[in-house]
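# Structural description and commentary
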Amino acid sequence: MIPADGEVAIRASGLTRRFGDLVAVDRVDLQVPARHVYGFLGPNGSGKSTTIRMLCGLLTPSAGEIEVLGLRIPAEAEALRRHIGYMTQKFSLFEDLSVRENLDFLAAIQGVPRARTRARIDQLIEQYHFGDLQKQLAGTMSGGQKQRLALACAVIHEPELLFLDEPTSAVDPESRRDFWEKLFELADAGTTLLVSTHLMDEAERCHRLAILDHGVLVADGTPQALTGRLQGRTFIVESADPRRAQRLIVDVPGVLSVAQVGNSLRVLTAAGAAAAADMCRHIDATLAGAGQPVHTHATPANLEDVFVAVTGPAAEQAERAA
Amino acid sequence: MNGRRLWAIVVKELRQLSRDRITLAMILGIPIMQLVLFGYAINLNLRGLDAGIVDQANTAGSRALVMDMLATDVVSAARTANTPQQLMAMIRRGDISIGIVVPPDFERRRIDGRPVAQVLVDGSDTTVQSAAAQLAQTPLDSAAPDLRAPPASTPPTPRISVVSFYNPQRVSAINIVPGLIGVIMTMTMVLFTAIAIVRERERGNMELLIATPLTSTELMVGKVLPYIVIGLLQTSVILALGVSLFAVPIRGSVLDVYLAAGLLILANLSLGLLISTRAQSQFQAMQMTFFIFLPSILLSGFMFPFAGMPKAAQWLAEILPLTHFLRLIRGVMLRGASLWELWHDVLALVVFVAVMMGAAIGRFRKRLD
């Protein structure tokens, strides 16, 4: 869903990074539309951080082209630094400085005009609810507060583009919701955000999403488009003995994966295996034959299904079948 | 270089430092502790050393000489003996540190202008040696030998000879306090900056900093500036204590002392920065610091005379900033020289700073790879 004016904030093609023999990022092609929240979804070690570091010019790609905000990276990385904010995976502010001192420092480093610094910091302290915490040392705050401070510092110079590397991995659900509110406010104000995560519920919030697995970009699109592709391939199987039923369903031809969710099973089938109604009947019949009666019905796909379908063993199996 | 960003780094460093109690304690604690420890160990104004006396002449003149020596308060008569051999045994046992021997032909020697008495010293303790040297200056009240003054071409014979056992080479103790400024600077300054960059890398701050417009030069210079002030503060503490507690002379200009100290501080800070760009962890940075510290102490001339070292060690010592600083500070404080006269060592330090700082800035990459 690239906007009508087709403005693209980040463009990368054939992006590759090797660490010795390990290929951390493997020929990734990427287009991030401006003023969107763009998600990077992938398990740990899938190359999300490495990709982000290459995009902001901190790592030199082994191969491939990058253009960010019209600047060629890494050649023009220094010029890019004025226009981006970067929130690292690990808390990277100074724990022995207070909230206000951290903001002061970043304002000076990022070149916020001196005349506006005070007003800007006051505004951020207000927006990010640091009113009573201004003098508190960053190291003594909670995980959620730290993330809020890191975000406030990352946006102090009102960057056009914001990179966030697993920003909420150490944060409780409520703080996470608040945090995402802030991200959407920033997107509304015209900022492009690139957020990496391994959490499905976070990925679902993104306008657009790329799924990385072992350094390879295996799928991208809007969450709706990605789940839409699995139309008719996801089922819920109700069973009195889900553990046993699971072992039987795995062997049904066309089934890619079976995961237990509470008392039922969630089944993903390979593309072009069978029509949904046929598949339901097929599973019911097979298990009835094995003395394990179940009830199967189709269900809409979610991002976890997408993730399973495009990564790991299920994806390999699908490739072999194709 | 952007002044505002540079200043931001300086302020940040000072704020962090003000919350780092251990480092703060180190800034003042190390100089005071070292100075007091080293200082009292080399205190020249010794009082009441146990002395053994053998007066084989036992004339009015010899008794007067012994009384004059005792009147200096440097020694107090602890034992008397009959022969020099007995005194030597007492020294060996540690009963006394100084033996005074007046030979039977005291009066004859006095007339001949030959040495009239002998001071035997336990030379294993250099401070006692110094005390003995002081004792040997005791004037003889008779002017008679002056009639037989030796010709100007030969050095005059000391009237009381000093025989030092166990350590014939005397280490000049007053060299230690000025040198101590250098040793303390080498110990603390290198460590401060060696840790400075590595710590930010370990804590994850570096990834944030390199993603900003901050330049390598701003970061490096910003890290060094606060510690120059701290180094000069340490210098002042050592100087003040050295002068007030141990009456160390400052014969040259105080400005030259501070300039020399400033150069050494810069040299050590830039060396620390270079270590910082290499080390992977704070622990490694500390190990590397000791790699510099030990040769500095041993080879610079602080502990052992430079001239006595083998050529290879001398070459190695020429690379160390402390070697040049010791020449400067001893020249200025003890001999009253000006930095201008010692320009060789000034130049060596300036070159060292330029090379180290250049290498540190050059080695520091705003990249993670």
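Preceding this paragraph is the structure being described.
Quantities reported herein were computed from a predicted structural model and do not represent experimental measurements.

### Here's the deal with the interface of chain A and chain B
With 22 residues of chain A at the interface, the matching set in chain B holds 19 residues. Each residue belonging to the side of chain A that touches chain B can be placed in one class, and the counts come to 11 nonpolar, 5 polar and 6 charged.

### What about helix H10 (residues 254-278) of chain B?
In a regular helix each residue adds 1.5 Å, so 25 residues correspond to 36 Å; H10 of chain B covers 36 Å between its end C-alpha atoms and thus fits that length. Within H10 of chain B, 18 of the 25 residues are buried, leaving the element largely enclosed by the surrounding structure.

### Observations concerning the nonpolar core
If you look at the biggest cluster of nonpolar residues, it comprises 165 residues, and the most contacted ones within it are Leu55 and Phe163 of chain A. Per-element accounting of this core gives the leading share, 17 residues, to helix H7 (residues 176-203) of chain B. Grouped together as the second largest cluster of nonpolar side chains are 27 residues, Met69, Val119, Val128 and Ala131 of chain B included.

### Quick word on the pairing of strand E13 (residues 264-269) of chain A
Residue and element names in this part refer to chain A. Counted residue by residue, E13 has 6 buried out of 6 residues, so it is predominantly covered. Across 5 bridges, the pairing between strand E11 (residues 234-239) and E13 is antiparallel. When the bridges of E13 are listed, Ile236 appears paired with Arg266. Judged from the 6 bridges that link them, strand E12 (residues 255-261) and E13 form a sheet pairing that is antiparallel. Paired with Val258 across the two strands is Val267, which belongs to E13. Between the antiparallel neighbours E12 and E13 lie 2 residues, among them Gly262 with a positive phi of about 65°.

Cut-offs and rules
Residues numbered from 1 in each chain as written. Chains lettered and ligands numbered in written order. Predicted model: local features only at pLDDT ≥ 70, side-chain atom pairs only at ≥ 80, totals over all residues. Contact = placed C-beta atoms within 7 Å. Nonpolar A, V, L, I, M, F, W, Y, C, P; charged D, E, K, R; others polar. Helix = DSSP H or I, 4+ residues; strand = E, 2+ residues; numbered from the N terminus. Expected span 1.5 Å × (residues − 1). Buried ≥ 20, exposed ≤ 12 C-beta atoms within 10 Å, placed from the backbone. Core = buried A, V, L, I, M, F, W, Y, C linked by C-beta atoms within 7 Å. Pairing = 2+ DSSP bridges.

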